[in-house]
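Now for the letters of each chain:
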Amino acid sequence: MPSGSNHLELDGKQVRLSNLDKVLYPDDGTTKFDVIQHYLTVADVILPQLAGRPATRKRWPDGVESKPFFEKNLPRGTPDWVRRVEIASPGSSKDRTHVTYPVIENRAGLAWVANLAALELHTPQWSVGPRDGIHDADRLVIDLDPGAPAGLPECVEVARLIRERLGDDDLDAIPVTSGSKGMQLYAPLPTSRPPMELREYAYELATSLESDHPELVVSNMKKAQRGGKILLDWSQNNPAKTTITPYSLRGRQRAWVATPRSWDELDDPESLRQVHHTEIPDRLETYGDLMTT
């Protein structure tokens, strides 16, 4: 992808690009060109995670040192080739009865959202079908949010407890370092289940672990109760909630990525850190797609 080009042809579609040299991450010099390149590099592994899921974008048009905004509805000027789906939105803060989301399903769509400085792509645990019918959730997710001074080592300790509990129910947990402070655990479901049913399951798991390990685990969302503990955010399974998509960039100080990890990696103190976008190509060559292995 030439850094000076104004258009890029992908999947037979023309994607307009702009301000490719603009630095979006001043701390490490990551430019918009680098952001677009990242999303094209991970296209084969992130597109299955985005498939059929309405995409909420978190945008930093002026870089990560500026104020971002969440965007759900399609922005003005969206190319007509971008798939869109209209979802009911009761109680919308903008008094909308419905929101028209994009569904990112090809490399052209990735380049389009990246060019808008949509650094983060958030998706629900449910999806829509080819005729826009809403399907039940096909994965369970639990977000592990550390309260200082707790950090990734404590997240991993709790993640192993969750892995054991999920294993008792024949569910395999995939760890993802979030690119922010903590991590998520994803568990693909053998059959789809209603999101609120999963929310209740996750809540019961969180409160049970809190009861067994009160010095380490908290299930209450109040920040005042998180100090030195790991919040198990069971609410991510609520149908109205979204979670950072694996392989998405994060709008943090540096261009870190929500990165699937192997359990063996998490045993190595030198590997126990957030992953920078420049490390992703080598990781894909070494590990492949850990969301499917």
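To keep things clear, this report deals only with the structure shown in the data block. In this text, all values refer to a predicted model and were calculated from it rather than measured experimentally. As a convention, each chain's residues are numbered from 1 in the sequence order in which they are written. A pLDDT threshold of at least 70 governs which residues receive local features in this predicted model, and a stricter bar of 80 or more applies before side-chain atom pairs are shown or counted, although totals over entire chains, interfaces and linings include all residues. As a rule here, side-chain values come from all non-hydrogen atoms in the structure, and water together with hydrogens is ignored.

1. Some remarks on a negative patch on the surface
Line of reasoning, step 1. Residues Glu164, Asp168, Asp169, Asp170 and Asp172 make up a contiguous surface patch of negative charge.
Line of reasoning, step 2. Within the secondary structure, Asp169 is located in the loop between helix 4 (152-168) and strand 11 (174-177). Candidates for patches are residues over 30% relative accessible area with no salt bridge; among them, like charges are joined within 9 Å and nonpolar side chains (Val, Leu, Ile, Met, Phe, Trp, Tyr) within 5 Å. For the area figures, the Shrake-Rupley method with a 1.4 Å probe applies, and any residue is considered shielded solely by the protein chains shown. In the sections that follow, a salt bridge refers to a side-chain nitrogen of Lys or Arg positioned within 4 Å of a carboxyl oxygen of Asp or Glu. Charge counting follows a simple rule: Lys and Arg are positive, Asp and Glu are negative, and His as well as the terminal groups are ignored. Charged groups are reduced to one reference atom each: NZ for lysine, CZ for arginine, CG for aspartic acid, CD for glutamic acid. Going along the chain from the N terminus, every DSSP run of H or I of four or more residues is numbered as a helix, and every run of E of two or more is numbered as a strand.

2. Details of the sheet that holds strand 9 (residues 118-123)
Line of reasoning, step 1. Being paired, for any two strands, means DSSP has found at least two bridges between them. Pairing is antiparallel across the open sheet formed by four strands, whose spatial order is 6-5-9-15. Whereas interior strands pair on both sides, the edge strands pair on one side only; in this sheet they are strand 6 (69-71) and strand 15 (243-244).
Line of reasoning, step 2. In terms of strand pairing, strand 5 (residues 56-59) meets strand 6 through three bridges, oriented antiparallel. Opposite Arg59, over in strand 6, you have Phe69 as the bridge partner.

3. Side note on the nonpolar core
Line of reasoning, step 1. Nine residue types can take part in a nonpolar core, namely buried Ala, Val, Leu, Ile, Met, Phe, Trp, Tyr and Cys, and a core is a set of them joined through side-chain atoms within 4.5 Å. A 1.4 Å probe rolled over the protein chains alone gives each residue an accessible area, and that area as a share of the maximum for its type sets the label: buried under 20%, exposed over 50%, partly exposed in between. Counting residues in hydrophobic clusters, the biggest one holds 47 residues, and the most contacted among them are Tyr25, Val35, Tyr39, Ile46, Ile104, Leu110 and Leu121.
Line of reasoning, step 2. Of all elements in the fold, only strand 1 (7-10), strand 3 (23-25), helix 1 (32-41), helix 2 (43-50), helix 3 (107-115), strand 9 and strand 11 reach the threshold of two or more residues within this core.
Line of reasoning, step 3. With six residues, the top contributor of residues to this core is helix 3.
Line of reasoning, step 4. Contact between two residues is taken to exist if any of their heavy atoms lie within 4.5 Å; hydrogens are not considered. If we skip the residues at most four places from it in the chain, Tyr39 touches Ile46, Leu110, Ala114, Ala118, Leu119, Glu120, Leu121, Tyr247, Ser248 and Leu249.
Line of reasoning, step 5. Ranked by size, the runner-up nonpolar core spans 32 residues in total, among them Ala202, Val217, Leu232 and Leu272.

All quantities given are derived from atomic positions and should not be read as evidence of function.
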